[in-house]
Amino acid sequence: MAEQINAFQIAQQQFDHVAEMLNLDSGVREVLRWPAREFTFRIPVRMDNSSLQVFTGFRVQHNDARGPNKGGIRFHPEETIDTVRALAMWMTWKCAVVDIPLGGAKGGIIVDPSKLSPNEKEHLCRGWVQQMIKNLGPRQDIPAPDVGTTAQMMGWMMDEFSKLSGAYAPSVFTGKPVGGGGSQGRTEATGFGVIYHVREAMKYLGMEPKNSVVAIQGFGNVAQYAAIGYVEILGGKVECVSCWDRNDKKSYTYSHKDGVDGRFLFSITDIYGTINKEKAQEAGYAVEDGDAWICKEADVLIPAALEAQINSESVKKISSRVRIVAEGANGPTTPEADEYFKEKNIFIIPDFLCNSGGVTTSYFEGVQNDMNFYWSKDEVLQRLDAKMTASFQDVLRRAEKEKAYMRDAAYMVSIQRVVDAMTMRGWLHGDW
Ligand code: NAD
């Protein structure tokens, strides 16, 4: 049978598996395995060359039992409703596992943002808000940046919402620029959050972070700060990072004999996460094929690019030295690859736990917006570390208690919290 890489089917399959373990009522399962609401719409944009181009936009709200829907907006040429559905569902579990009072949503536009001028991007962002205005708001749905979207875009979107609703509403979008309602530490949050989880996993496994080696896939926002944090927080070595080269239309892996210097590579990487190959080579970086990252002799792997990157084929290339896979990306592992990890006893920090630093800091951003009082970067990162550590320990305790795989334990913690909230609100019309 061909391997299944439809992200929504994977998300449903993961949910079904744990729903069975929790012996969830079949009606409750039906509520949770589908999004509560979905929006698909068209956004006309007058392009710089005067032509009118129409883009397709999505917003999927999976579950808001624990609080307003929350989740990023992706601009990607291969965006599909199923990818958005999967990511929305994962957001529900992510907010629940980290115990912040928010539900799960995701949005997107089918577009390659690197082909748009700043003016076209701004019109597209404002058009997305115009289509969704009635269903957005600090008490309804709070979007944020994701693949292909930036802090500046959130600033435009927040401005459009504020104009249309007639009042300044900073907390309707998070991931805004600092100084424009954004939080200190949001840029670092997801990547550093991944590193706090890796630190806790190493403590549990009795590993020494100093001089440990990591191989990272991707070099966008998550991977950049995971690479920087691996050195600056853990004292470890980054063997390689990789990226999709927008110019050559292929992916490359970058390594350096002394270890990757994340801050240097960051300085020669564009906003879409493409590293300048020539400048990297001049600085002594070796450039290999994009898949090379997964074969590296490393203690830790951090997939931080896109979905389904570790699949039944690529998983077999993983070195026997690898002890931890920290899923920086959403859905990077297919169910077949998961089976391999279980068999080889590789410790997984599942995506919605591992990359929850971004949404946690987004939540902090909304809190600061509502108080109109802003914290220092140190204060934000300390609070982030405390949340990441507590959520890791919650999941680990559950895994040990149930003798469960970490992904299953994370689902158990989250699903239970969401079901409890639905029960408390009377959504299930019964006494569960
Ligand atoms: P980004 O757009 O900033 O970067 C994506 C990176 O992946 C780029 O460097 C790109 O070149 C690279 N890439 C794409 N295809 C590749 C391939 N085939 N091989 C190697 N590299 C490839 O995105 P991001 O914000 O860093 O997000 C990465 C992942 O993390 C996504 O799954 C996203 O949903 C997830 N995530 C992001 C955040 C956040 O706060 N940014 C939070 C939680 C989860």
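Structure shown above.
Residues numbered from 1 in each chain as written. Predicted model: local features only at pLDDT ≥ 70, side-chain atom pairs only at ≥ 80, totals over all residues. Heavy atoms only, no water.

(A) Representation of the nonpolar core within the structure. With 90 residues, the main nonpolar core has W90, W93, V241, I302, I349 and I415 as its most contacted residues. Ranked by the residues each element gives to this core, the list is headed by helix α14 (residues 406-424), at 11 residues. Ignoring anything within four residues of it in the chain, the contact list for W93 reads F15, L32, H62, F352, Y411, S414, I415 and V418. V45, L116, V129 and F173 belong to the second-largest nonpolar core, a separate cluster that totals 26 residues. (Core = buried A, V, L, I, M, F, W, Y, C linked by side-chain atoms within 4.5 Å. Buried < 20%, exposed > 50% of the residue type's maximum accessible area, 1.4 Å probe, protein only. Helix = DSSP H or I, 4+ residues; strand = E, 2+ residues; numbered from the N terminus. Contact = heavy atoms within 4.5 Å.)

(B) The arrangement of the layout of surface pockets in detail. Its boundaries defined by the atoms lining it, the second largest pocket holds a volume of some 360 Å³. Together, 19 residues line the second largest pocket, and Y204, N345, I346, F347 and M406 are the ones closest to its centre. Contributing elements (two or more residues each) for the lining of the second largest pocket: α6 (186-205), α10 (335-344), β12 (347-349) and α13 (377-402). When its residues are assigned to classes, the lining of the second largest pocket shows 12 nonpolar, 2 polar and 5 charged. (1 Å grid on protein atoms, 1.4 Å probe; cavity = no way out; pocket = protein on both sides within 12 Å on 5 of 7 lines; lining within 4 Å. Points joined across faces, edges and corners; volume = space filled by probe spheres on them. Nonpolar A, V, L, I, M, F, W, Y, C, P; charged D, E, K, R; others polar.)

(C) Representation of the side chain of E188 in the model. Within the fold, E188 resides in helix α6. Looking at E188, the relative accessible area reads 10%, which means it is buried. Those residues in contact with E188 that sit more than four places away from it in its chain are Y225 and K377.

(D) Seen up close, the state of the cysteines. All told, the structure shown has 0 disulfides when counted by the stated rule. Free cysteine C95: the closest other cysteine sulfur is in C354, separated by 16 Å. Cysteine C243 remains unbridged, with the sulfur of C240 as its closest cysteine sulfur at 12 Å. C243 gets classed as buried once you look at its relative accessible area, which sits at 4%. (Disulfide = S-S within 2.5 Å.)

(E) Inspection of the sheet that holds strand β8 (residues 250-255) at higher detail. Read across the sheet, 7 strands follow the order β9-β8-β7-β6-β10-β11-β12 without closing on themselves; strand pairing throughout is mixed. Two strands close off the open sheet at either side, each with one partner strand: β9 (286-289) and β12. Sheet twist, expressed as the average angle between the axes of neighbouring strands with direction ignored, equals 20°. With 4 bridges joining them, strand β6 (residues 213-217) and strand β10 (residues 300-303) adopt parallel strand pairing. Pairing of I216 across the sheet is with I302, part of β10. In this fold α6 packs onto β10, β11 (324-326) and β12, with an angle of close to 150° to the strand it touches most, β12. (Pairing = 2+ DSSP bridges. Axes fitted to C-alpha atoms, helices over the stretch in contact; angles between N-to-C directions.)

(F) Quick peek at the pairing of β8. Bridge analysis of strand β7 (residues 237-245) against β8 gives 6 bridges, and the strand direction is antiparallel. Paired with W244 across the strands is S251, a residue of β8. Here β7 hands over to β8 after 4 residues, with K249 in that stretch at a positive phi of 60°. Note that β8 and β9 share 4 bridges and pair antiparallel. By the bridge assignment for β9, S255 is matched with A286.

(G) Up close: the site of the ligand. Taken together, the neighbourhood of the ligand is formed by 27 residues, with R74, T190, W244, G273 and N330 sitting nearest. Backbone polar atom of A305 to an oxygen atom of the ligand: 3.3 Å apart, as the coordinates give it. Calculation on the ligand without its partners gives an accessible area of 830 Å², and the protein chains cover 89% of this total. Looking at the shell around the ligand, the elements that each hand over two or more residues are α6, α7 (221-232) and β7. In the shell around the ligand, the residues fall into 10 nonpolar, 13 polar and 4 charged. (Near = heavy atom within 4 Å. Polar contact = N/O pair within 3.5 Å; in protein donor to acceptor, adjacent residues only side chain to side chain. Areas by Shrake-Rupley, 256 points an atom, 1.4 Å probe, with all protein chains shown as cover.)

(H) Structural context of the environment of G331. Position of G331 relative to the elements: it lies in the loop between β11 and α10. Under the relative-accessibility criterion, G331 is labelled buried at 7%. Taking the C-alpha atoms as reference points, G331 and T149, separated by 182 residues in sequence, lie 19 Å from one another. For G331, the contacting residues outside a window of four places in its chain are W90, E307, A308 and D351.

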